[in-house]
Amino acid sequence: MQKIIPHLWFDKEAAEASEFYVSVFGGDSKIESTTLLRNTPSGDCDFIEFKLWGHQFMAISAGPFFKLNPSISFMLNFDPSQDPDAAVHIKEMWDKLSQGGKALMDFGEYPFSKQYGWIQDKYGVSWQLILTNPEGEKRPAIIPSLMFAGNVYGKAEEAFKKYVSIFKNAKLGMINRYPGGEPSVEGKVMFMDAMLEGQWFAAIDAAGKHDFGFNEAISLLVECETQEEIDYYWNKLSSVPEAEQCGWLKDIYGVSWQIHPRKVGDMLKDTDQEKVDRVTKAFLQMKKFDIATLQKAYEGAN
C-alpha cells in the first residue's frame, strides 16, 4: 500500500480535475472516493481520492489560497522495454495534457531523451513526459519530482539525503551533476532520484530566476498507522512552527507534508455525514493529529 501520497490543492476544481486525469490516463486509473468536508475555514470542500496508473493521489477544493506551480511536478516514464509503442503513447499523452495548458519545455528531442516535454496543464499541475532509455535502471511510470530553486537552490542532494535518513525502505538512486557553465553551478544536481518507503522521487537544482517555490498547493501526505508513527515523522520533518495546522507542516526546505493517520481517512469515508462533520471539526482545531481524540469525535464521545 502506498505510504506517501501526493495531495493537490485546487480552488474549486478538484472533482473536475480528478475526472479529467482519470479519463486521460486510462488503464488502472479511477476515482476511489469523494467526501464532503463541511464548515471548514474554506467553507464546504470536496475531497477526492483517485488513482492514475495505479498510483494514489488526493485532491481538495479548498479555495484560492495556494497556487499550483512547477516546483513539484510529476514525471511520466514511457519505457520502450515495457511498452513497444511508448514513442506513440508519449505523444498521445502530451497532446491530451496540453489541451488548455502551457508548455514549460516544448515536446521534442533533447540530449537526455529522444522525446521529452514539460507541460503545465489547464488546472495548473505540471507533468514531465520522457521516453525512457530502455537500457537504464527501471523506474515506475509516475515519479514526483521536486525542483530546488530560489533560496533552496543547490539543496537537492542535501534534502534527499535527509529524507533517506528519515524514511524507511529508503535509498539514494542515480545522480547526475551539472558540468558547470551559466547559469548552473558545477557539481549541483542536474537530476537525481531516491526511494522513500519503497517509492521513487526525483529532484533537480534549478538555477536562474524563478517566481515560484514549494508551497501547500502540492503536499506529500504520509499515511501513519499509530500515534507513535505520527509523532516520529512530525518531529523529524517539521521546521516551520507557524505552518503547523491540521496535520500539515513544512520542512527546512519549504516542502509541505501532511502527517496523517490512515484511520482518519477511513473515518472521513463514512456514509454518516454527522460523523464526518465531528471528525472534521476536531482536526481543524489540531496542529499535529491526535488519533485518540479524533476517534472520540468519530464515536460522538464527550
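Thresholds, definitions, all that
Residues numbered from 1 in each chain as written. Predicted model: local features only at pLDDT ≥ 70, side-chain atom pairs only at ≥ 80, totals over all residues. Heavy atoms only, no water. 1 Å grid on protein atoms, 1.4 Å probe; cavity = no way out; pocket = protein on both sides within 12 Å on 5 of 7 lines; lining within 4 Å. Points joined across faces, edges and corners; volume = space filled by probe spheres on them. Helix = DSSP H or I, 4+ residues; strand = E, 2+ residues; numbered from the N terminus. Nonpolar A, V, L, I, M, F, W, Y, C, P; charged D, E, K, R; others polar. Disulfide = S-S within 2.5 Å. Salt bridge = Lys/Arg side-chain N within 4 Å of Asp/Glu carboxyl O. Buried < 20%, exposed > 50% of the residue type's maximum accessible area, 1.4 Å probe, protein only.

Asks: Where do I start with empty space enclosed by the protein in this structure?
Replies: As enumerated under the stated definition, the model contains 1 cavity of 30 Å³ or more in all. For the largest cavity, the calculated volume is near 40 Å³. Around the largest cavity, the lining residues are Thr35, Phe47, Glu49, Met58, Glu223, His260, Gly265, Leu268 and Lys269. Mapped by element, the contributors of at least two residues to the lining of the largest cavity are β3 (43-52) and α5 (262-268). Its residues assigned to classes, the lining of the largest cavity shows 3 nonpolar, 3 polar and 3 charged.

Asks: Where do I start with the state of the cysteines in this structure?
Replies: In a disulfide, the sulfur atoms of two cysteines are held together by a covalent bond. Summed over all chains, the structure comprises 0 disulfides. Left without a disulfide partner, cysteine 224 is nearest to the cysteine sulfur of cysteine 246, which lies 16 Å away. Cysteine cysteine 246 is unpaired, with the sulfur of cysteine 45 as its nearest cysteine sulfur at 11 Å.

Asks: Help me understand the layout of surface pockets in this model?
Replies: In this approach a probe as big as a water molecule rolls over the atoms, and the regions it shows empty are the leftover space. Taken as a whole, the largest pocket holds about 960 Å³ of empty space. In this structure, the largest pocket is lined by 32 residues; those nearest its centre are Met75, Phe112, Ile130, Met190 and Phe191. Mapped onto the lining of the largest pocket, the elements with two or more residues apiece are β5 (72-78), β6 (102-110), β7 (113-120), β8 (126-131), β9 (142-148), β10 (171-177), β11 (189-196) and β12 (199-205). For the lining of the largest pocket, a count of residues per class yields 19 nonpolar, 9 polar and 4 charged. Within this model, the second largest pocket holds a volume of roughly 610 Å³.

Asks: Help me understand the pattern of salt bridges in this model?
Replies: Oppositely charged side chains can form a pair if their charged atoms are brought close together. Following the criterion strictly, the structure yields 14 salt bridges and no others. Aspartate 193 serves as the salt-bridge partner of arginine 139, at 2.7 Å between the closest nitrogen and oxygen. Of this pair, arginine 139 sits in the loop between β8 and β9 while aspartate 193 sits in strand β11, and the two are 54 residues apart along the sequence. You can call aspartate 193 buried: its relative accessible area is 2%. Of the charged contacts, one joins glutamate 225 and arginine 262 as a salt bridge, the two residues approaching to 2.6 Å between their closest N and O atoms. Remark: arginine 262 occurs in helix α5 and glutamate 225 occurs in the loop between β13 (218-224) and α4 (227-237); sequence separation between them is 37 residues. A relative accessible area of 16% places arginine 262 in the buried class. Among the charged side chains, a salt-bridge network with shared partners connects Glu137, Arg139 and Asp193.

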